Amino acid sequence: MANTLRVRENRIQGVGRKGMALLAILSLLSACVAAERAPTRTPAPAAKKALPVQKPATPALPVRPAVIRAPVGLENLLNDQWRIFPGRTGVAIMRIDGGEWITGKRGDELFPQQSVSKTWVALTILDLVDQGKIRLDQKIRITRDDLAVFHQPIRDRVIANGEIEVTVLSLLEQAIISSDNTANDSLLRTAGGPQAVKNFLMRKKLGAIRFGPGERVMQSAIAGLEWRQEYAIGRRFYAARGEVPLATRKAALDRYLADPVDGASPEAIVRALAKLAKGELLSPASTRLILGIMSRTSSGPNRLRAGVPAGWQFVHKTGTGQILPPVSTGYNDIGIMTAPDGTRYAVAVMMGSTTAPIPERMAFMQFVSRTVATYHGQ
């Protein structure tokens with residue numbers, strides 16, 4: 001019995017030892033399996049720095065030059081005098097050098113040019129000279145059938161000789177310096193007529209500057225007449241105009257003033273003069289020639305010129321329209337003032353219609369040019 005119990009005990013102990021060993025092995029295996037199944041912990045990646053958001057490139061805006069304006073004192077004085085001057089008047093002043101500025105009154109409205117338009121005929125002719133289509137020494141034949149109306153000193157020579165031949169250069173001088181209407185119409189005919197001048201104005205982009213049909217047709221229409229060549233002799237035009245009923249003549253003049261066939265804005269005129277002064281319209285030789293001729297203008301010595309101080313240079317062209325009392329029309333002067341330091345100003349005073357007597361008209365123009373000089377450099 002005792003042996004039997006001992007055998008069982010030994011078996012149990014044997015089993016126990018084996019079980020313990022088995023448990024140990026199972027524990028090791030479990031640990032290994034657990035170790036294999038445990039997730040591998042890797043260090044968290046370093047936080048990436050956020051890149052700055054790239055905004056789409058904005059194209060650089062062009063740098064705008066600072067706006068330069070006319071001296072306030074000049075503008076105030078101009079406004080004060082313009083406001084009290086009787087009639088419809090346009091003024092434009094433009095500094096050409098040293099920083100451009102432009103100022104004025106009614107600068108963008110159309111005013112009748114009258115003989116101011118001779119400027120554009122002269123420039124058209126010189127443009128054709130630059131192109132080699134006309135020569136300055138080319139002679140133009142003028143007969144009694146070419147005579148015009150109003151001021152035309154050349155007429156006496158034509159009547160005395162029946163016809164004359166005059167060079168293009170001489171006609172330019174007579175048209176600008178003496179404001180000779182026949183000389184101007186002869187140049188206009190040589191250039192190719194009114195359309196040639198209109199083409200020049202358009203090609204050079206001179207803006208609000210019209211050109212009419214020529215002196216004879218335009219002046220007749222303003223007076224309520226149709227042109228007849230006999231009006232060119234003596235005072236026949238004045239006599240015919242005197243026979244036109246007052247109401248008819250006034251209606252014709254009013255139509256012209258309301259929508260002048262030769263109208264131009266003061267601002268367009270000074271911009272055109274600035275282009276001329278800077279050599280943007282003609283060749284250097286032609287630019288010097290026309291400015292030299294304009295410096296010898298004999299008409300209107302008591303208009304803008306009389307207000308230009310000593311030491312300054314001045315070139316200009318005047319214009320004078322018809323009168324139907326008490327109204328005078330187209331009393332104008334345009335020009336370029338040059339200061340002793342070389343700074344240039346383009347100036348235009350256009351009196352479309354006014355009841356002011358001639359001395360007051362001259363005084364206003366002198367005030368404009370004198371005030372420009374007073375405020376030079378300010």
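Just so you know, these numbers come straight off a predicted model, no measurement behind them. (Residues numbered from 1 in each chain as written. Predicted model: local features only at pLDDT ≥ 70, side-chain atom pairs only at ≥ 80, totals over all residues. Heavy atoms only, no water.)

### Some thoughts on the pairing of strand β1 (residues 88-95)
Move 1: Where burial is concerned, most of β1 is hidden: seven out of the eight residues are buried.
Move 2: Bridge count between β1 and strand β10 (residues 344-354): eight bridges; the pairing is antiparallel. By the bridge assignment for β10, Ile93 is matched with Val347.
Move 3: Bridge analysis of β1 against strand β2 (residues 101-105) gives five bridges, and the strand direction is antiparallel. Across the sheet, residue Ala92 finds its bridge partner in β2, namely Gly104. (Buried < 20%, exposed > 50% of the residue type's maximum accessible area, 1.4 Å probe, protein only. Helix = DSSP H or I, 4+ residues; strand = E, 2+ residues; numbered from the N terminus. Pairing = 2+ DSSP bridges.)

### Remarks on helix α5 (residues 168-177)
Move 1: Along α5, seven of the ten residues are buried, which leaves the element largely enclosed by surrounding structure.
Move 2: Among the residues trailing α5, Ser179 stands out with phi positive, at a value near 55 degrees.

### Looking at the packing of aromatic side chains
Move 1: In total, this model carries nine aromatic pairs according to the counting rule given.
Move 2: When the ring of Tyr231 is compared with that of Phe237, the centres are 6.0 Å apart and the planes differ by 80 degrees; the resulting orientation is edge-to-face. The pair formed by Tyr231 and Phe237 is uniform in burial state, with each residue classed as buried.
Move 3: Each ring, one from Phe237 and one from Tyr238, has its centre 6.4 Å from the other, and the planes form 85 degrees; the classification is edge-to-face.
Move 4: In this structure an aromatic cluster arises from ring pairing among Phe150, Trp227, Tyr231, Phe237 and Tyr238.
Move 5: Across the ring face of Phe111, the terminal group of Arg88 is positioned such that the distance to the ring centre comes to 4.1 Å.
Move 6: Note that Arg303 overlies the ring of Tyr331, its terminal NZ or CZ placed 3.7 Å from the centroid. (Phe/Tyr/Trp six-rings, centres within 6.5 Å; stacked < 30°, edge-to-face > 60°. Lys NZ or Arg CZ within 6 Å of the ring centre and 35° of its normal.)

### Considerations on the pattern of salt bridges
Move 1: What the rule picks out here adds up to 16 salt bridges.
Move 2: For Asp80, the salt bridge goes to Arg83, with nearest N and O atoms at 3.9 Å. With Asp80 and Arg83 both in helix α2 (residues 72-84) and three residues apart, the pair spans about one turn of that helix.
Move 3: Among the residues examined, Arg83 registers a relative accessible area of 55% and is labelled exposed.
Move 4: The partner of Arg106 in a salt bridge is Glu109, and the shortest N-O contact between them spans 3.6 Å. (Salt bridge = Lys/Arg side-chain N within 4 Å of Asp/Glu carboxyl O.)

### Topic: the environment of Ile269
Move 1: Here Ile269 lies in helix α11 (residues 266-277).
Move 2: Residue Ile269 is classed as buried on the basis of its relative accessible area, which comes to 0%.
Move 3: Along the sequence, Ile269 and Ile93 sit 176 residues apart, while their C-alpha atoms lie 9.8 Å from each other.
Move 4: Apart from residues no more than four positions distant in its own chain, Ile269 is found in contact with Val116, Trp120, Ile209, Ala264, Ile334, Ala348 and Met350. (Contact = heavy atoms within 4.5 Å.)

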